[in-house]
Amino acid sequence: MAGGGTTRRRLLSTLGTAGAVLAAGCVGSDEEAEDDGNEPIVDEAETLENDTHPDVWRNVDEIRLDAYVGGWVGVEPAHIDRVENPTLVLSEGRSYEITVENRDNVKHNLAIWDRADERIGEYATDIVADTGATETLAFTATDEMATYICEHQPGIQLGDLKVV
């Protein structure tokens, strides 16, 4: 499943149903509490799905994400614009830069984790705590990379990495 399927399942298993409802901001009305998790949490996002075909990602080496409590929101490349926690497709052995911008004045960082949910080496940005602050992580893609995550909101601000 593209763009958030695996991360949504991790969210539900990490937080449980009540925690997921709270994290989604679904407290207050019965209608909202019945949300099935198929809608973005962050107001600035429009969708949870993005194109993960490797051909679409062929010429991408710079990625921009906005950081919000509730999720990452894609900015660039164009095919992740306004996608919440987009799946990023990387080519093994290729160099990339991911730039994150704080959009809500809350602490954020971006780290790359493996399938065991552990940070890979020093693959993490410094914290961005002020609205408008940015940090860029430069790295070379490896097959052990599975997730990009904010270590301050790990249950809801995470996306899948697909290394091809």
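Everything numeric in this text was worked out from a predicted model, so none of it was measured. (Residues numbered from 1 in each chain as written. Predicted model: local features only at pLDDT ≥ 70, side-chain atom pairs only at ≥ 80, totals over all residues. Heavy atoms only, no water.)

### Thoughts on the packing of aromatic side chains
1) Next: This model, assessed by the stated rule, comprises three aromatic pairs.
2) Next: An angle of 25° between the planes, with centres 6.0 Å apart, marks the rings of Y96 and F139 as stacked. Within this pair, whereas Y96 is found in strand β4 (residues 95–102), its partner F139 is found in strand β7 (residues 134–140), the two being separated by 43 residues in sequence.
3) Next: Arranged with centres 6.1 Å apart and planes meeting at 55°, the rings of Y123 and F139 form a pair that is tilted. Placement of Y123 in strand β6 (residues 119–124) and of F139 in strand β7 is noted, with a sequence separation of 16 residues between them. (Phe/Tyr/Trp six-rings, centres within 6.5 Å; stacked < 30°, edge-to-face > 60°. Helix = DSSP H or I, 4+ residues; strand = E, 2+ residues; numbered from the N terminus.)

### Notes on the sheet that holds strand β2 (residues 71–76)
1) Next: Taken in spatial order, the four strands of this open sheet run β2-β1-β4-β7, and their pairing is mixed. Because the sheet does not close on itself, it has two edges, and the strands there are β2 and β7. Recorded for the sheet is a direction-independent mean angle of 25° between the axes of neighbouring strands.
2) Next: Here seven bridges tie β4 to β7, and the two strands are oriented antiparallel to one another. If you follow V100 over to β7, its bridge partner there is E135. (Pairing = 2+ DSSP bridges. Axes fitted to C-alpha atoms, helices over the stretch in contact; angles between N-to-C directions.)

### What to know about the confidence of the model for the protein
Parts of the model with low pLDDT should not have their predicted coordinates read in detail.
1) Next: Residue-level pLDDT values for the protein average 84, and 77% of them are 70 or greater.
2) Next: Of the regions scoring below 50 in pLDDT, residues 1–35 engages in 47 contacts with residues more than four places distant in sequence or in other chains. (pLDDT = per-residue confidence, 0-100. Contact = heavy atoms within 4.5 Å.)

### Some remarks on the nonpolar core
1) Next: Counting 23 residues, the largest nonpolar core has I63, L65 and L110 as its most contacted members.
2) Next: Where this core is concerned, the elements lending two or more residues are β1 (62–68), β3 (88–90), β4 and β7.
3) Next: Setting aside anything within four residues of it in sequence, one finds I63 in contact with W57, E76, P77, I80, L88, L90, E97, I98 and T99.
4) Next: Ranked by size, the runner-up nonpolar core spans five residues in total, among them A111, W113, A124 and I149. (Core = buried A, V, L, I, M, F, W, Y, C linked by side-chain atoms within 4.5 Å. Buried < 20%, exposed > 50% of the residue type's maximum accessible area, 1.4 Å probe, protein only.)

### As for the sheet that holds β3
1) Next: Judged by pairing direction, the sheet is mixed, and its five strands sit side by side in the order β3-β9-β8-β5-β6 without closing on themselves. A strand with exactly one partner marks an edge of an open sheet, and here the two such strands are β3 and β6. Ignoring which end each strand starts from, the neighbouring axes of this sheet average 25° apart.
2) Next: As paired elements, strand β8 (residues 147–149) and strand β9 (residues 158–163) share three bridges and run antiparallel to each other. Considered in β9, the bridge of Y148 is made with G159.

### Regarding the pairing of β9
The side chains of a regular strand alternate between both faces of the sheet.
1) Next: Summarising the sheet, β3 and β9 pair through three bridges and their orientation is parallel. In the strand pairing of β9, L90 is matched with V163.

### Here's the deal with unusual backbone geometry
1) Next: P77 follows E76 through a cis peptide bond whose omega is 5°.
2) Next: Mapped onto the elements of the fold, P77 is located in the loop between β2 and β3.
3) Next: The phi torsion at N85 lies on the positive side, around 45°, for a residue other than glycine.
4) Next: Take N85: its relative accessible area is 4%, and that puts it in the buried class.
5) Next: Even without being a glycine, D117 presents a positive backbone phi close to 60°.
6) Next: You can see D117 is positioned in the loop between β5 (111–113) and β6.

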